[in-house]
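Per-entry structural report
Listed here are the chains, written in short residue letters.
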Amino acid sequence: MSLLTRRRLLRRAAASATAAGVARAGLAGAVAAGIAASSTGLAGCDDAPDTAPGGAPDGPLRFPPDFGWGAATSAYQIEGAAKEDGRGESVWDTFSHTPGRTRNGDTGDVAADHYHRYAEDLDLMRDLGLRSYRFSISWPRVQADGSGKPNQRGLDFYRRLVDGLHERGIAPMATLFHWDLPQALQDTGGWENRDTAERFAEYADVMFRALGDRVPVWLTINEPKTVVQNGYIWGHHAPGQQDPGAAYLVAHHLQLAHGLAVRALRASGAGGRIGPALNLHPCYPADDTAEAATATRLYDGYENRLYLDSILKGAYPEDVLADLGPDSRMVRAVRDGDLAVISSPVDLLAVQYYTPIYVTGQGDTVRKWPTSEADWQQIYPEGMYDILTRVTRDYGRIPLTVTENGLPCPDRLAADGTVDDAGRIEFLRDHFTAAHRAIRDGVPLESYHVWSLLDNFEWAEGYEQRWGLVYVDYPTQRRVLKRSAHWYRTVIRDNGL
Ligand code: FCB
């Protein structure tokens, strides 16, 4: 690993340590927290939209017919029922129950109680007019210890959910892994152990055989990069390690797991489509020096090309491999044939966009735009256009879906029973508009899932940040449509803005 990378990673680890246990820093966040950030402070949520909901400054923007307007969630963040019906423990149970790891010691034990309230939540989705719903399957609900005979009660829950979606005319999109690794597999090395990738493929096969006839789109691994960075470099996500060497070994095994699952779907004979779900960050030089351009290129390698190139081009990017160095645990772990597995043809690419990254000549990051309540998120809708068009330009016309994009707001339930999240409406309008422009310029974008359907357990931030279209009053578990949800219903009805 080069000096630059080592310095950068250590700085990141140090920065995250200052925010220990509570920071939900995404890529740039922990670094930015340690520098004199040029942030102009919290933004996005207090700004009133500049036009009435449903309107648009420049006339109507219509999306392609059958555009898949959707919303997304993940199992650990909403389900609760942590000990019910044979569910095993996940690394997030362990992590959230470890003192000091999450804000206020919050856990996903109850979350939004979706496991019990899924029928009500399905009705909400129908009332919003959703055409697509992206959820994740809890691996330890299906295989308590991460391998072996599946737990029928776990499978039954997802069958009921998927059937309920079909009954309401909503297309299911199932993510196989959204970070809740069975703790039993963590105990044998987790993603540092190559065997975990094989276990993942077996679990995926269980799901394809159970629901392959009724799930049209599967996503393999949610944001492998977040596991790598937050879980293994900064340590503020499960499993809470600060070990850059292990981190990139984990990256390779996550990529391998992805490829093995793609092959398992084909082998199962199930008809659905499959692809990865990658959080992509457009990277820009912080200034116009040659040094910033060079540092940005490498940064982009770690943020985007490490995942995109291996899956879509069958090779890890040379600059990243060179930077890691031949002695890195990752480089030594890559075996003949692995890249062929990782690049098994996929049917679509799921893009998750939240924030851009600006890189200095020293390889540090700076903020250029106002941040949201999540200090790692700079609000920059153009980044959506840039990342979608870039993927199409560099990787060809693979069908794209946006599987996450959204904003946390300090939402309050008013005395009249409403939640006025005007800033979220403005955020979504601007990002929808950027996506529309990308489609107009030739990007094959077929659907868009707002993060999130419901307020939920936001990992190390616990329940403090509210990302939902639907407000969850946790003490009563009552659901209240926020103003953005009413607005989104209009967008879906009109198929545009
Ligand atoms: C993404 C995660 C999702 C949620 C949003 C805010 O990185 O995939 O679970 O935490 O960020």
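Since the model is a prediction, treat every value here as computed from it, not as a measurement. (Residues numbered from 1 in each chain as written. Predicted model: local features only at pLDDT ≥ 70, side-chain atom pairs only at ≥ 80, totals over all residues. Heavy atoms only, no water.)

**Remarks on the overall build of the chain**
As a reminder of what qualifies: The way it works is that DSSP assigns letters per residue, a run of H or I at least four long becomes a helix, a run of E at least two long becomes a strand, and they are numbered from the N terminus. Whether a residue is buried, partly exposed or exposed follows from its accessible area with a 1.4 Å probe, protein chains only, as a fraction of its type maximum: under 20%, in between, or over 50%, in that order. Every residue pair with non-hydrogen atoms within 4.5 Å of one another is taken to be in contact. Only the protein chains shown count as cover for residues, and the accessible areas themselves come from Shrake-Rupley with a 1.4 Å probe.
Counting its secondary structure elements, the chain contains 18 helices and 13 strands. The proportion of buried residues among the 497 residues of the chain is 63%. Taking as baseline every contact in the chain between residues at least 6 positions apart, the subset at least 24 positions apart corresponds to 77%. Of the roughly 16,900 Å² that the chain leaves accessible, carbon and sulfur atoms contribute 51%.

**Some details on the pairing of strand E10 (residues 400–404)**
In plain terms, the rule: Between any two strands, pairing holds if DSSP finds at least two bridges. By the criterion used throughout, a crossover qualifies as right-handed when its path from the first strand across the helix to the second strand runs clockwise, the strands pointing away from the viewer.
With five of its five residues buried, E10 lies for the most part within the structure. Pairing geometry for strand E7 (residues 349–352) and E10, over four bridges, is parallel. Note that in E10 the partner of Ala350 across the bridge is Thr401. Here E10 pairs with strand E11 (residues 445–451) via three bridges, running parallel. Considered in E11, the bridge of Leu400 is made with Leu445. The parallel pair E10 and E11, bridged by helix H17 (residues 422–440), forms a crossover whose chirality is right-handed.

**Here's the deal with empty space enclosed by the protein**
The condition is simple: Buriedness for pockets is judged along seven lines, at least five of which must meet protein on both sides within 12 Å for an open set on the 1 Å grid over protein atoms alone, while cavities are sets there where a 1.4 Å probe fits but cannot get out, and lining residues have an atom within 4 Å of a point. Grid points are joined across faces, edges and corners, and a volume is the space filled by probe spheres set on the points. For this classification, the nonpolar set comprises Ala, Val, Leu, Ile, Met, Phe, Trp, Tyr, Cys and Pro, the charged set comprises Asp, Glu, Lys and Arg, and every other residue, Gly included, is treated as polar.
With the rule as written, the count across this model stands at five cavities of 30 Å³ or more. Approximately 100 Å³ is the volume found for the second largest cavity. Lining the second largest cavity we find 13 residues, and of these Val91, Trp179, Val227, Ala238 and Pro239 sit closest to its centre. Elements with a contribution of two residues or more to the lining of the second largest cavity: helix H4 (91–96) and helix H10 (224–232). Sort the elements by how many residues they give to the lining of the second largest cavity and H10 lands first, with three residues. By residue class, the composition of the lining of the second largest cavity is 10 nonpolar, three polar and no charged.

**A short note on the site of the ligand**
Keep this limit in mind: Any residue with a heavy atom positioned within 4 Å of a molecule or strand is treated as near that molecule or strand. Here a polar contact is taken to be a pair of N or O atoms separated by no more than 3.5 Å, where protein atoms must pair a possible hydrogen donor with a possible acceptor and residues adjacent in sequence count only if both atoms sit in side chains.
Every one of the 13 residues lining the ligand counts as a neighbour, but Gln77, His178, Glu223, Glu458 and Trp459 are closest to it. In the model, an oxygen atom of the ligand is placed 2.6 Å from a nitrogen or oxygen of the Glu223 side chain. For the ligand, whose accessible area on its own is 300 Å², the fraction buried by protein is 98%. A per-class count over the shell around the ligand returns five nonpolar, four polar and four charged.

**Remarks on helix H9 (residues 194–211)**
Here is the rule: The span expected for a helix works out to 1.5 Å for each residue beyond the first.
Under the 1.5 Å per step criterion, the end-to-end length of H9 is 26 Å for 18 residues, consistent within 8% with the ideal 26 Å. Of all the 18 residues making up H9, 13 are buried; the element is thus mostly covered by neighbouring parts of the structure.

**A look at the side chain of Glu223**
With respect to the helices and strands, the residue Glu223 is situated in the loop between strand E4 (217–222) and H10. When residues no more than four places from it in sequence are discounted, the contact partners of Glu223 are Trp179, Ala277, Asn279, Gln352, Tyr354 and Glu404.

**Side note on the side chain of Arg194**
Locating Arg194 in the fold gives a position in helix H9. Under the relative-accessibility criterion, Arg194 is labelled buried at 18%. Not counting residues within four places of it along the chain, the set of residues in contact with Arg194 comprises His252, His253, Leu256, Ala333, Arg335 and Asp338.

**Overview of the pattern of salt bridges**
What counts, and what does not: Here a salt bridge means any side-chain nitrogen of Lys or Arg lying within 4 Å of a carboxyl oxygen belonging to Asp or Glu.
Counted by the stated rule, this structure contains 36 salt bridges. Here Asp85 and Arg153 are joined by a salt bridge, their closest N and O atoms 4.0 Å apart. Placement of Asp85 in the loop between helix H3 (75–78) and H4 and of Arg153 in helix H7 (residues 152–167) is noted, with a sequence separation of 68 residues between them. Among the residues examined, Arg153 registers a relative accessible area of 47% and is labelled partly exposed. Salt-bridge contacts for Asp455 lead to Lys482; the nearest nitrogen and oxygen are separated by 2.7 Å.

**A short note on the pairing of strand E2 (residues 132–136)**
Consecutive residues of a regular strand have side chains that alternate between opposite faces of the sheet. Among the five residues of E2, five are classified as buried, and the element is accordingly described as predominantly covered. Along E2, one buried face is formed by Ser132, Arg134 and Ser136 and the opposite face, lined by Tyr133 and Phe135, is buried too. Across three bridges, the pairing between strand E1 (residues 68–72) and E2 is parallel. Considered in E2, the bridge of Ala71 is made with Tyr133. Sheet analysis places E2 next to strand E3 (residues 171–177), joined by five bridges and oriented parallel. From the neighbouring strand, Ser136 faces E3, where its bridge partner is Thr175.

Limitation: the analysis is restricted to geometry and does not speak to function.
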